[in-house]
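Coordinate inspection notes
Chain residues, written in single-letter form:
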Amino acid sequence: MSAHAPTSRSREAPQGDEEASSELKLGEFQDVDALTHSEAALVINALVQKRSADRKNVNETEMLSKTRDYLDHFARFKRKENVEAVERLLSAHKELAKFERAQLGSLCCDTAEEAKTLVPSLQDKISDDDLQELLDEITKLMGYGN
């Protein structure tokens, strides 16, 4: 019996040691601004609208179309006012990394326990009570016409 040829190419090991676990190691992205899904949707949709209004070639590629569909589906906040209010709430917590704030604004967890499970680096940065208060404020904004 003959051995089958491999069905895929071997992959290179990932470059760098980036990870978002109990300790954030984001490499070159450590201090880069991070957007929530809602913020990203606002930015991309505004850019597409501006290009359309200026009658420039929008050139909506398949990638852009799929990205917009993804963000429309997963962005928790649709109204600009609510997106800005969430950003203000999150920005007030300077003890959190930009990446962590973006994760909290995208995930919209119900409990501090859930948030710390999904974003393990929050564990020693913010108390459960403070985190729960922040999550409750974010949840309130989800009810305002989103």
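This one's a predicted model, so the numbers in the text were calculated from it and none came from an experiment.

**A few points about the overall build of the protein**
- In terms of regular secondary structure, the protein is built from six helices and two strands.
- Ordering the α and β elements of the protein from the N terminus gives β-β-α-α-α-α-α-α.
- Across the 146 residues that make up the protein, the buried fraction comes to 28%.
- When contacts within the protein are restricted to residue pairs at least 6 apart in sequence, long-range pairs at least 24 apart make up 61% of them.
- About 10500 Å² of surface is accessible on the protein, with carbon and sulfur atoms providing 50% of the total.

**As for the packing of helix α1 (residues 37-53) against helix α2 (residues 62-74)**
- Interhelical geometry of α1 versus α2 gives an angle of 135° and a closest axis separation of 9 Å. Considering the angle they form, α1 stands oblique to α2. Judged by the sense of rotation from one axis to the other, the crossing of α1 with α2 is left-handed. Counted together, H37, A40, A41, I44, N45 and V48 of α1 and L64, T67, R68, Y70, L71, D72 and F74 of α2 form the full contact between these two elements.

**Side note on a negative patch on the surface**
- Taken together, the side chains of E95, D129, D130, E133 and D136 define an acidic patch exposed on the protein surface.
- Turning to its location among the elements, E95 is positioned in the loop between α3 (80-91) and α4 (98-107).
- When its relative accessible area of 37% is taken as the criterion, E95 is described as partly exposed.

**Quick notes on helix α6 (residues 128-142)**
- The first and last C-alpha atoms of α6 sit 21 Å apart over 15 residues, in line with the 21 Å expected at 1.5 Å per residue.
- When we look at burial in α6, the residues that qualify are L131, L134, L135, I138 and L141. Each buried residue of α6 lies within a common arc of 110° when the element is viewed along its axis, so the set occupies one face. For α6, the exposed residues set more than 90 degrees away from the buried face come down to D129 and E133.
- The inward-facing, buried residues of α6 abut α3, α4 and α5 (112-118).

The rules behind the values
- Residues numbered from 1 in each chain as written.
- Predicted model: local features only at pLDDT ≥ 70, side-chain atom pairs only at ≥ 80, totals over all residues.
- Heavy atoms only, no water.
- Helix = DSSP H or I, 4+ residues; strand = E, 2+ residues; numbered from the N terminus.
- Buried < 20%, exposed > 50% of the residue type's maximum accessible area, 1.4 Å probe, protein only.
- Contact = heavy atoms within 4.5 Å.
- Areas by Shrake-Rupley, 256 points an atom, 1.4 Å probe, with all protein chains shown as cover.
- Axes fitted to C-alpha atoms, helices over the stretch in contact; angles between N-to-C directions.
- Parallel < 35°, antiparallel > 145°, perpendicular 65-115°, else oblique.
- Left-handed = near helix turned anticlockwise from the far one by under 90°.
- Patch = residues over 30% accessible without salt bridge, like charges linked within 9 Å, V, L, I, M, F, W, Y side chains within 5 Å.
- Salt bridge = Lys/Arg side-chain N within 4 Å of Asp/Glu carboxyl O.
- Lys, Arg positive; Asp, Glu negative; His and termini not counted.
- Charge placed at Lys NZ, Arg CZ, Asp CG, Glu CD.
- Expected span 1.5 Å × (residues − 1).
- Arc of directions from axis to C-beta.

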